[in-house]
Amino acid sequence: MPGRVAVVPTMGALHDGHRANFRRAAELADSRVVTIFVNPLQFRPNEDLDKYPRTLDADLAMCEAEGVDLVFAPSVGEMYPDGREGLTTVHAGPDGEILEGASRPGFFTGVLTVVSKLFHLTRPDVACFGEKDFQQLAMVRRMVRDLDMGVEIVGVPTVRESDGLALSSRNVYLSEAERAAALAIPRAVRAAQASPDPLAAARQTLEAEPGLDVDYVAVRANDLAEAPDRGPARLLIAARAGTTRLIDNAAVRIGDPR
Ligand code: PAF
């Protein structure tokens, strides 16, 4: 692969959010690799591994249209040739146990292990991840620093539908009524961004929507530490519409929304 190499790890079912990652990668490198792998290690037994959308032909068409140089779409057997029993894994630090990690135990071990493998397999100089998975982005940054992986990690802003819903491969699961309820999430983001108390504003908006089951709503520092008393911070939300779990996050300011 000539020159500087960027990798964009994905689980496929590509949408405009992934497209934004591919385009950012083009600005940062001479060659781009996209990986497509639905990683069983980051799904719990009761989660949607089997029904996770798999759209390889459409994904390959998008990669081709975007001028991606190489798509790496291994099978589970190729990624875990000795099986998953007894596998050497990457264990996240304590930040892997809050928020997504508290709701989905083992999730970040699954993510960091596969991202580490994908980095070793593709040897990138830079890797692009969507900010929509804000905690994942922070955990990958931390892993790269802690384990001296020498890969530059770049976050790409969340892409939203015109009504504000963050793009996600899981949005295809939503019925019309669930999608309408899900719009309370971007509403909560906007309310939080306009309020000096972003947590209370988001919580109030989410609680007013009976079609949503809130998993967590939290405000943390940008590095996931406890939120500061004032100033810039990050709002993070996870909620279920029907059986579909959605996450979102946004920059907020505590004490002074501006
Ligand atoms: O964000 C995702 O799609 C996945 O968690 C990732 C980073 C591709 C690892 O499987």
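Each chain has its residues counted from 1, running along the sequence as written. The model is predicted, so local features are restricted to residues of pLDDT at least 70 and side-chain atom pairs to those at 80 or more, both for listing and for counting; the totals for chains, interfaces and linings are taken over all residues. Where side-chain values are given, they derive from all heavy atoms of the structure, hydrogens and water being excluded.

*Asks:* Could you give me a rundown of the sheet that holds strand S8 (residues 244-254), with the residues and numbers involved?
*Replies:* The antiparallel open sheet is built from three strands, whose spatial order is S6-S7-S8. A strand with exactly one partner marks an edge of an open sheet, and here the two such strands are strand S6 (212-220) and S8. Strand-to-strand twist of the sheet, defined as the mean angle between neighbouring strand axes without regard to direction, takes the value 15°. With 11 bridges connecting them, strand S7 (residues 231-241) and S8 associate as antiparallel partners. Of the residues in S8, the one forming a bridge with Ala241 is Thr244. Running at roughly 10° to S8, helix H8 (residues 184-193) makes contact with S6, S7 and S8 of the sheet. Any two strands are treated as partners once DSSP identifies two or more bridges connecting them. The secondary structure listing takes helices from DSSP runs of H or I that are at least 4 residues long and strands from runs of E that are at least 2 residues long, numbered from the N terminus. Lines are fitted to the C-alpha atoms to define the axes, a helix being fitted only along its stretch in contact, and any angle between axes, read from their N-to-C directions, falls within 0 to 180 degrees. Here a residue-residue contact requires only that any non-hydrogen atoms of the pair lie within 4.5 Å.

*Asks:* Residue-level account of the site of the ligand, with values.
*Replies:* Near is defined per residue: the residue qualifies when any heavy atom it owns lies within 4 Å of the molecule or strand. The local shell around the ligand consists of Pro9, Thr10, Met11, Gln42, Val114, Phe129 and Gln136. Residues adjacent in sequence count toward polar contacts only when both atoms are side-chain atoms; beyond that, a polar contact is any pair of N or O atoms within 3.5 Å, and within protein one must be able to donate a hydrogen and the other to accept it. Take Gln42: an N or O atom from its side chain is 2.7 Å from an oxygen atom of the ligand. Here Gln136 contributes a side-chain N or O atom positioned 2.7 Å from an oxygen atom of the ligand. Under the convention used here, a 1.4 Å probe and the Shrake-Rupley method define accessible areas, while residue burial counts only the protein chains that appear. The protein chains hide 89% of the 290 Å² of surface that the ligand would expose on its own.

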